[in-house]
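Below are the chains, spelled out letter by letter.
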Amino acid sequence: MKMYRTMHHPEGLSTFPEYELRGQFLFTTQQAGIGSSPLPFFQIKKNRVYPTPHHPEGRSSFHWFEMRKGNALIPSLHHPGGGECHPWYKIK
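Calculation rules
- Residues numbered from 1 in each chain as written.
- Predicted model: local features only at pLDDT ≥ 70, side-chain atom pairs only at ≥ 80, totals over all residues.
- Heavy atoms only, no water.
- Phe/Tyr/Trp six-rings, centres within 6.5 Å; stacked < 30°, edge-to-face > 60°.
- Helix = DSSP H or I, 4+ residues; strand = E, 2+ residues; numbered from the N terminus.
- Buried < 20%, exposed > 50% of the residue type's maximum accessible area, 1.4 Å probe, protein only.
- Pairing = 2+ DSSP bridges.
- Axes fitted to C-alpha atoms, helices over the stretch in contact; angles between N-to-C directions.

## Observations regarding the packing of aromatic side chains
Step number 1: Counted by the stated rule, this structure contains 6 aromatic pairs.
Step number 2: For the ring pair F42 and W64, a centre distance of 6.1 Å and an interplane angle of 65° mean the geometry is edge-to-face. Here the residue F42 occupies a position in strand β4 (residues 42-45), and W64 occupies one in the loop between β5 (48-51) and β6 (65-68), the gap between them amounting to 22 residues. For the pair F42 and W64, a shared accessibility class is recorded, and that class is buried.
Step number 3: Judged by centre distance (6.2 Å) and plane angle (70°), the ring pair of F65 and W88 falls under edge-to-face.

Below is the structure:
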C-alpha cells in the first residue's frame, strides 16, 4: 500500500506516492523529496503514526498523525506543523 498527499497537505496534492506501507512501518518512496530510504521513517501503532529514529527530525514518543476511516492520516497536535482536522495523506 502507498501513501499519497491530499489537497490539504501544506505542499498540495500529489499523484505520486511519498511513502510505502510495509507491515507497520512507512518508508519513503523514490517520489519523496529525499528519495527512497531503506529505513522506516514512521511506525504505526494502534491507528497512530510515530516518527522513528530514522526520520530526519528524529524519534518522538508523541504521535504525529492519527489514522481515521481506515485510510486517512490527519496531523495531530504533536506534529511540528500543528494539528489539522483535514487529512494530509491517504493510504491506497
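## Quick word on the sheet that holds strand β1 (residues 2-5)
Step number 1: Taken together, the 8 strands give a closed barrel; going around it, the order is β1-β2-β3-β4-β5-β6-β7-β8, and neighbouring strands pair in antiparallel fashion. With strand direction ignored, the average angle separating the axes of adjacent strands in the sheet is 30°.
Step number 2: Summarising the sheet, strand β3 (residues 25-28) and β4 pair through 2 bridges and their orientation is antiparallel. Bridge assignment links F25 to a residue of β4, and that residue is Q43.

None of this, on its own, says anything about what the molecule does.
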